[in-house]
Amino acid sequence: MSRPALEVADIFRDHGPAWRQANAGHVSLGQLKVMSAIESCRTAALGGHVARCEKCQHTQISYNSCRNRHCPKCQGAAAKQWLAEREAELLPVPYYHVVFTLPAQISDIAYHNKAVIYDLLFKTSAETLITIAADPKHLGARIGITSVLHTWGSAMTHHPHVHMIVPGGGISLDGKRWVSCRPGFFLPVRVLSRLFRRLFLKTLTAAHAAGRLSFFGDYAHLDDAQAFAAYLAPLRRSEWVVYSKRPFGGPEAVLAYLSRYTHRVAIANSRLIAFDDNSVTFKWKDYRIEGRDRYKGMTLATDEFIRRFLIHVLPGGFHRIRHYGLFASSARADLARARELLNAPAPQQASNADAADGTDGTEPPTLAHPCPCCGGRMIIIETFKRGCSPRTRPISAIRIDTS
């Protein structure tokens, strides 16, 4: 796989040390770890292996990935494995895409309360969908949800929202039949918006009363309960954005969508255009404009680019992909019941041979991709540890990115 001409890692390596020194005391340990991982990713610092083609003897060196979930280079393999696991859960029904977005006033205080407010966003949006879907006036069924957190807009500003993938129907409340939604229509977004607003503000107020929120700088006065209530008052009357898109074309389209969204980071390397000592230029999409004119270039000071990237580092141990209802880990029996009601075949289990990837320990380990010169099998002939160099001298070696 060829490397992009410019990577976030290049910017971090060139400007990271000076940025860390200038912002000492204002950067979290988690953010420092992300910077270090991205800077080291697929370099000799993490070790690697040497592979040689059985046919033409072409040799190449591959360095190990950092596997950090915020690294733009390490999400492809993680997404592929995750999708293989999700494929067995797909149901033969239309799927809908629903987006719940937090108002800007909530996003502002979420910056210093990520774990609490992101968790509330997940839970209240899921509760909203499950509650309205269970109402006999709407669907009258128990549904399944896959929810993915994104915290950025196209310009890498702080914009927390969840993308939810939902089957167009569910199991009836008595468990005896599958209830499908109306063609092309899942649930009324205005009803969803109102309940989401009420549930979120209720749980957010409870979190404040329990002392779970922290406020700094211009928001320090919100520690006071009355000031916080006054801050939230306008939000109780405003419209909160809930968006429901048209159904996907089929299960394959759902997987294609998930492969693009589940393991995204704040910016992909492919969006970077150029950078120098003072600035970074990248592609972004202005959603307020329709057509080709929405695709633009943006130039930020390098320090600001790094800052925007790092504000999207999630708290340690925080799950950015969650499953609710029929897709929850505790509801496997319900998912099996849904398949039964839909007359869907049971998912096939991978064979032992597949799990072993075709090797039984007696064969030398091989790479998944063929030789770029002749298409032959690439056999790993040497591995080397972190900070070490390979002993093998490559024959017309090329460096590639692997995960």
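Not measured: the values here are computed from a predicted model.

## Details of the side chain of Ser147
Within the secondary structure layout, Ser147 lies in strand S5 (residues 144-152). The class of Ser147 is buried, set by a relative accessible area of 0%. Excluding its chain neighbours within four sequence positions, the residues that come into contact with Ser147 are Phe122, Val162, His163, Met164, Arg320, Ile321, Arg322 and Tyr324.

## So, the pattern of salt bridges
The final tally for this structure, using the stated rule, is 14 salt bridges. Between Glu7 and Lys73 there is a salt bridge; the shortest N-O distance is 3.1 Å. Highlighted residues: Glu7 in the segment before helix H1 (8-22) and Lys73 in the loop between strand S2 (59-63) and helix H3 (75-87), separated in sequence by 66 residues. Grouping residues by exposure puts Glu7 and Lys73 together as buried.

## Details of the environment of Ala253
Tracing the sequence through the fold places Ala253 in helix H8 (residues 251-261). Through-space distance from the C-alpha of Ala253 to that of Asp10 is 34 Å; in sequence the pair is 243 residues apart.

## Let's talk about the state of the cysteines
Taken as a whole and assessed by the stated rule, the structure comprises 0 disulfides. Lacking any disulfide linkage, Cys66 is separated from the closest cysteine sulfur, that of Cys74, by 3.7 Å. Looking at Cys66, the relative accessible area reads 21%, which means it is partly exposed. Free cysteine Cys373: the closest other cysteine sulfur is in Cys371, separated by 4.4 Å. Residue class for Cys373 comes out exposed when judged on its relative accessible area of 55%.

Scoring rules and cut-offs
Residues numbered from 1 in each chain as written. Predicted model: local features only at pLDDT ≥ 70, side-chain atom pairs only at ≥ 80, totals over all residues. Heavy atoms only, no water. Helix = DSSP H or I, 4+ residues; strand = E, 2+ residues; numbered from the N terminus. Buried < 20%, exposed > 50% of the residue type's maximum accessible area, 1.4 Å probe, protein only. Contact = heavy atoms within 4.5 Å. Salt bridge = Lys/Arg side-chain N within 4 Å of Asp/Glu carboxyl O. Disulfide = S-S within 2.5 Å.

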